[in-house]
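As a plain string of letters, each chain reads:
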Amino acid sequence: MVSVRLSAAAAGAALLLAFSPAAHAASVHGTDSACDRAVAAAGKAEQDYEALKNGIDRQIAEGGHPDRSELQALQDADAQRVATASQAQRICGP
């Protein structure tokens, strides 16, 4: 399960980094395009996922055990992260 999360996280990070130059170029021109909004949503979803993941990792490091609701929240955040990255890719193009 951890390797699946790590590979998903790596894929999401790669997608986010791929969109960063496009977002920067668009913001230099001062436009608030659909691509800018999609990249921002993908970035927020990535941050939300990382915050939940770090909280669970910290809990485990302190000897705790995440309950089902926490693990489900992490899975939901991961799904949202992947969906928003895909949406950004569709909107912004290659």
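Conventions adopted
All chains use their own residue numbering, which begins from 1 and follows the written sequence. Restriction of local features to residues with pLDDT of at least 70 applies here, the model being predicted, together with a cutoff of 80 or more for giving and counting side-chain atom pairs; totals for whole chains, interfaces and linings are based on all residues. Note that the side-chain values use all heavy atoms of the structure and ignore hydrogens as well as water. Secondary structure elements are defined from DSSP: runs of H or I of at least 4 residues count as helices, runs of E of at least 2 residues count as strands, and each element is numbered from the N terminus. Per-residue accessibility, obtained with a 1.4 Å probe over protein chains only, is compared with the maximum for each type, and a residue is labelled buried under 20%, exposed over 50%, and partly exposed between these values. Residues are treated as being in contact if the distance between any of their heavy atoms lies within 4.5 Å. Accessibility throughout is a Shrake-Rupley quantity obtained with a 1.4 Å probe, and a residue counts as covered only by protein chains that appear here. Cysteine sulfur atoms are paired as a disulfide whenever they fall within 2.5 Å. Put simply, a nonpolar core is a bunch of buried Ala, Val, Leu, Ile, Met, Phe, Trp, Tyr and Cys residues held in one set by side-chain atoms that sit within 4.5 Å of each other. One speaks of a salt bridge when a side-chain nitrogen belonging to Lys or Arg is within 4 Å of a carboxyl oxygen belonging to Asp or Glu. What pLDDT expresses is the predictor's confidence in each residue, scored from 0 to 100.

Colleague: Please clarify how the overall build of the chain should be interpreted in this entry.
Modeller: Tallying secondary structure elements over the chain gives three helices and zero strands in all. Ordered by position from N to C terminus, the α and β elements of the chain give α-α-α. Considering the chain as a whole, with its 94 residues, one finds that 28% of them fall into the buried category. Taking contacts inside the chain between residues at least 6 apart in sequence as the whole, the part at least 24 apart equals 71%. On the chain, roughly 5,900 Å² of surface is accessible, and the fraction owed to carbon and sulfur atoms is 61%.

Colleague: Hey, could you run me through the state of the cysteines in this one?
Modeller: The term disulfide refers to a covalent linkage connecting the sulfur atoms of a pair of cysteines. Inspection of the entire model under this criterion finds one disulfide. Two residues share a disulfide in this structure: Cys35 and Cys92, whose sulfurs sit 2.0 Å from each other. Note on the Cys35 and Cys92 pair: the S-S dihedral is about 110°, so by sign convention the disulfide is right-handed. Placement of the pair is Cys35 in helix 2 (residues 34-61) and Cys92 in helix 3 (residues 68-92), with a sequence separation of 57 residues. Given a relative accessible area of 14%, Cys35 falls into the buried group.

Colleague: Teacher, can you tell me more about the nonpolar core here?
Modeller: Nonpolar side chains in soluble globular proteins tend to end up buried together. If you look at the biggest cluster of nonpolar residues, it comprises five residues: Cys35, Ala38, Val39, Ala42 and Ala88. Residue contacts for Cys35: discarding those within four places in its chain leaves Ile91 and Cys92.

Colleague: Please clarify how the pattern of salt bridges should be interpreted in this entry.
Modeller: Oppositely charged side chains are able to pair whenever their charged atoms sit close together. Taken as a whole, this structure holds four salt bridges when the rule is applied. We note a salt bridge from Arg81 to Glu46, for which the minimum N-O separation is 3.5 Å. With Arg81 in helix 3 and Glu46 in helix 2, this pair connects stretches of sequence that are 35 residues apart. Taken individually, Arg81 and Glu46 each receive the classification buried, so the pair is uniform in this respect. Between Arg81 and Asp78 there is a salt bridge, with its nearest N and O atoms 2.3 Å apart. Taken as a pair, Arg81 and Asp78 lie in helix 3 at a separation of three residues, close to a single helical turn. On the accessibility criterion, Arg81 (1% relative accessible area) is buried. Asp78 sits in the buried class, given a relative accessible area of 17%. Members of the salt-bridge network, linked through shared partners, are Glu46, Asp78 and Arg81.

Colleague: Would you mind going over the confidence of the model for the chain with me for this structure?
Modeller: Low-pLDDT stretches of the model should not have their predicted coordinates read in fine detail. Taken as a whole, the chain shows an average pLDDT of 80; of its residues, 67% reach a score of 70 or greater. Confidence scores differ between elements of the chain, with helix 1 (residues 2-28) showing the lowest mean pLDDT of 49 and helix 3 the highest of 97. A low-confidence stretch, residues 23-30 stays under pLDDT 50, and its non-local contacts, those more than four residues away or across chains, total five contacts.

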